[in-house]
Amino acid sequence: MIKEELEKNIFQLLKKIAPETEPSELSPTENIREALGIDSYDFLQFIIALDEKLKIEIPEQDYGKITSLNSLTDYLINKPK
Amino acid sequence: MVIENKIKISYREALKQGIREVLRNDDRVFLMGEDVGHYGGAFAVSKGLLQEFGEGRIMDVPLSESGFVGAGIGAAIAGMKPVVEIMTVNFSLLAMDQIVNNAATLSHMSGGQINVPVVIRMGCGIGRQLAAQHSHSWESFYAHIPGLIVLSAGTHEDARYLLPAAMKSPDPVIIFEYTSMLNMENEVLNNPAGVDISKAKIRREGKDISIITYGTGVYKSMEAAEELASMGIDAEVIDLRVLRPLDEATFLASVSKTHRALIVEDAWRSVSISSEISARISEKVFYELDAPVKRLCGIEVPIPYPAHLEDSSIPQKKDIVNEVQKILNP
Amino acid sequence: MIEFVMPSLGADMADGTLVEWLKKPGDQVKRGDIIATVETQKGLIDIEVFDEGTIEKLMIAEDTKVPVGTLMALINPEKTIEPQKAIPVVAEEPVIQPTEEKAIPPFVTEHIQVKASPLAKKIAAENNIDLSQIMGSGENGAITRKDIEGAIEQGKLVQEKERSSIVAEPIKEQNISNTLRSAVAAAMSRSNREIPHYFLEKKIDLEKALAWMHEKNKVLPVQKRLLPVALLIKAVASSLKQVPELNAIWDTDLQLKTEINIGFVVSLRNGGIIVPAIHAADLKSVDEIMENLNDIIPRARALRLRSSELSDSTVTITSIGDGGADLVYGIIYPPQVAIIGFGSISEQAFAENGLLGVRPMVRVSLAGDHRASDGLSGSRFLVTLNNHLQNPEAL
């Protein structure tokens, strides 16, 4: 999956969780959860949504690797399915 | 103490002035009762009257309520104008046969040929720590009897002026006086015209609720109304004054104006004056009511001796304030 | 006949608006069925019924706002007996006066009407006003003169508005958020006014608890993954069993509760909080609590809770979540007597057995109602909580 398409999906899922925010305006390196005010419960919903939509399961120990938009897309692109 | 046309006197003094007035105005008037003469009255109401009017007018009688009340009724039939004092309502049961079967019925049974212009005064009520046998509020017993006029002196004005008005009645009159108020001082307006014993008295005008009461409830309700006024509630206080025949026109008009009623009395709730008032309101001005009629009455127990229990067995000012607030803001 | 009334969904609720009846006369209901949807300050609430029977009559029209305690419906508990069956018994017998009254079937409901004072009825009749559309402010929700006059006034206002064609579209979202704000304000002000709070704090090492959770999460499907808060809730529930005086309400005196229903503070994205209950949390496993959270949090945020979820809490937990403040001191939600606050979990230096290590720590606070319990109970609770969290596998 190319990066833009991936980002589009990510924005969509984030928008669903935090409808009053504009995820597409995230800068590539800022902390997603802090920027959008996403709590641990919502973050888990986001992980679940990624799993359901992209069929990519992110184990708990990798949560620290996906904090920004850049690190998240890199992670998703490089993760073996 | 004289201030303009008002004098500040005790309830006891107001009663005495009323008795003195009727004794002075008519030679046929005499006072009879237990210890009214030499002792000056069990509650010192008639103190000094024996010296002033002599033994022919101030008559001590034996401790026999049935006997001396019967004698008073007989004297009235014979053309005298007796004022009979029964020490308290508690002992009046012994005289009830004379009052109910003779005084109240003779005009009717004689086809109007015999009138019984007797006035019977009795101390009444709770509040002096006299315990269950000596603290009764039995106004309703007498208010039940056709042929009697039953008055209740809930203010100093009425303590002073009910008796002179009662003396003009051709029919027997019972006056209830409240022993707990004897030492209470208040201002009395000099009122040569006297009071009207066919009418209840609106003691305070208001538009939000009618507090209907008599006897010791009058001052408590007035004080409660003052406190309620500071909360923006405008209560009307009606002193029934005459418990038989009831002046229903006055309280029905009041309830029609305020659309709410609270009845306050010391007497036990069941089959009481308040029951009667409540019944008449719902019979006659039901469609004016904006809230259920409420009552504050004595707790239905033999009156306790300890002062704090005695106080809590009858409605107090704070109870009236609370109840009115509940009716207006449920 | 069972009277079904507008339930109170917490100390701060004064009234609710019936939005929709989900049952109609003749429908059978049982305990737990949802009978209606009611709009409150906390959103649209599914109202459950706690009796069995047949709906006899609906007393309130939809879109009516009524105070808590107002009669909304009559439920006939004798659902199997049809009224028609009861009548012939009487008809066959000769008329005997004294028994006749008894034989009247118990569900003659024509006489039950909207409660209104005689004066209110008179004025309503004179002004052609439908009493069923008016909310009563009198005793037991009875309609009084004031309510009728208010309705007449409002009617005039509406007419005027319609005439001048002013369209004042209320922004629903905003309204809910405003009313929710005022509900929170009312409850918290009352708490601060009435409850003498005492506060205790304990730092708890979560290394074992989180390690246990991470192990479980490795094997769980992503949809069932646990969050630390599920463990915390379970640990609190287990600890309350040992310190029951904190699982109670205060209503002139302390009333212990046998069920442990944990109110869990959910923040709404647009501001405001809502506190749904996790019922019988002590009897649920950690997985079941997580499942419960997965069900209840989205509904809480959508303001779609059930009445029992809003009214049954016996104690409250507020949790800051990670990355936030280190510690939270809660304000007790009356009439409850305790609230437990969890700060964010963060790595801290921790000394144990003379050695220094880095551990995931959480600072836990307890606010207790000092009328109901003392600091010693509170302290015992926090120590018990720590013990439970050091033995996560036993939770």
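Note that the structure is predicted; figures quoted are calculated from it, not measured.

### Points about the overall build of chain C
And step 1. Within chain C one finds ten helices and 20 strands.
And step 2. Of the contacts formed within chain C by residues at least 6 apart in sequence, a portion of 64% connects residues at least 24 apart.

### Section: unusual backbone geometry
Residues and elements named next belong to chain B.
And step 1. At the junction of Arg-244 and Pro-245, the peptide bond is cis and its omega measures out at -10° in the coordinates.
And step 2. Residue placement: Pro-245 occurs in the loop between strand 13 (242-244) and helix 9 (248-258).
And step 3. With a phi close to 65°, Ala-44 is a non-glycine residue in the positive phi region.
And step 4. Tracing the chain through its elements places Ala-44 in the loop between strand 3 (29-33) and helix 2 (49-53).
And step 5. Look at Ala-44 and you get partly exposed, because 14 C-beta atoms sit within 10 Å.

### Remarks on the interface of chain A and chain C
And step 1. Each side of the interface is counted separately: chain A has 15 residues, and chain C has 13 residues.
And step 2. Residue classes in the side of chain A that touches chain C are distributed as six nonpolar, two polar and seven charged.

### Side note on the confidence of the model for chain C
Parts of the model with low pLDDT should not have their predicted coordinates read in detail.
Residue and element names in this part refer to chain C.
And step 1. Residues of chain C with pLDDT of at least 70 account for 86%, and the chain-wide mean is 83.
And step 2. Overall, residues 80-112 carries pLDDT values under 50, and its contacts beyond four positions in sequence, including any with other chains, amount to 16 contacts.
And step 3. In the predicted structure, residues 165-171 sits below a pLDDT of 50 and forms two contacts with residues beyond four places in sequence or in another chain.
And step 4. Among the prediction metrics, the complex's ipTM stands at 0.87, with pTM recorded as 0.52.

### A short note on the pairing of strand 3 of chain B
All names here are of chain B.
And step 1. Most of strand 3 is tucked away: five of the five residues are buried.
And step 2. Sheet topology places strand 3 next to strand 4 (residues 58-60); three bridges connect them, and they run parallel. Considered in strand 4, the bridge of Leu-31 is made with Ile-58.

### Digging into helix 1 (residues 11-25) of chain B
And step 1. Between its first and last C-alpha atoms helix 1 of chain B spans 21 Å; for 15 residues at 1.5 Å apiece the expected length is 21 Å, and the two agree.
And step 2. Along helix 1 of chain B, the residues that are buried comprise Tyr11(B), Arg12(B), Glu13(B), Ala14(B), Leu15(B), Lys16(B), Gly18(B), Ile19(B), Val22(B) and Leu23(B).

### Some thoughts on the confidence of the model for chain A
And step 1. Looking at chain A as a whole, its pLDDT mean stands at 87, while 96% of the residues score no less than 70.
And step 2. Here helix 1 (residues 3-17) of chain A is the element of chain A with the lowest mean pLDDT, 87, and helix 3 (residues 40-54) of chain A is the one with the highest, 89.

### Here's the deal with the sheet that holds strand 7 (residues 149-152) of chain B
Residues and elements named next belong to chain B.
And step 1. In spatial order, the strands read 4-3-5-6-8-7-13; together these seven strands make up an open sheet with mixed pairing. Each of the sheet's edge strands pairs with one partner strand only, and the pair in question is strand 4 and strand 13. The sheet shows a mean angle of 20° between the axes of neighbouring strands, direction not considered.
And step 2. Pairing between strand 6 (residues 119-124) and strand 8 (residues 173-178): six bridges, direction parallel. By the bridge assignment, Arg-121 is partnered in strand 8 with Ile-175.
And step 3. Relative to strand 3, helix 1 is tilted by about 135°, and along the sheet it contacts strand 3, strand 5 (81-88) and strand 8.

### Considering the pairing of strand 11 (residues 209-213) of chain B
Residues and elements named next belong to chain B.
And step 1. Counting buried positions along strand 11 gives five out of five residues, so the element sits mostly inside the fold.
And step 2. Every second residue of strand 11 is oriented toward a common face, with Ile-209, Ile-211 and Thr-213 on one face and Ser-210 and Ile-212 on the other, all of them buried.
And step 3. Pairing between strand 11 and strand 12 (residues 235-239): five bridges, direction parallel. Across the sheet, residue Ser-210 finds its bridge partner in strand 12, namely Glu-236.

What counts, and where the lines are drawn
- Residues numbered from 1 in each chain as written.
- Chains lettered and ligands numbered in written order.
- Predicted model: local features only at pLDDT ≥ 70, side-chain atom pairs only at ≥ 80, totals over all residues.
- Helix = DSSP H or I, 4+ residues; strand = E, 2+ residues; numbered from the N terminus.
- Contact = placed C-beta atoms within 7 Å.
- Buried ≥ 20, exposed ≤ 12 C-beta atoms within 10 Å, placed from the backbone.
- Nonpolar A, V, L, I, M, F, W, Y, C, P; charged D, E, K, R; others polar.
- pLDDT = per-residue confidence, 0-100.
- Pairing = 2+ DSSP bridges.
- Expected span 1.5 Å × (residues − 1).
- Axes fitted to C-alpha atoms, helices over the stretch in contact; angles between N-to-C directions.

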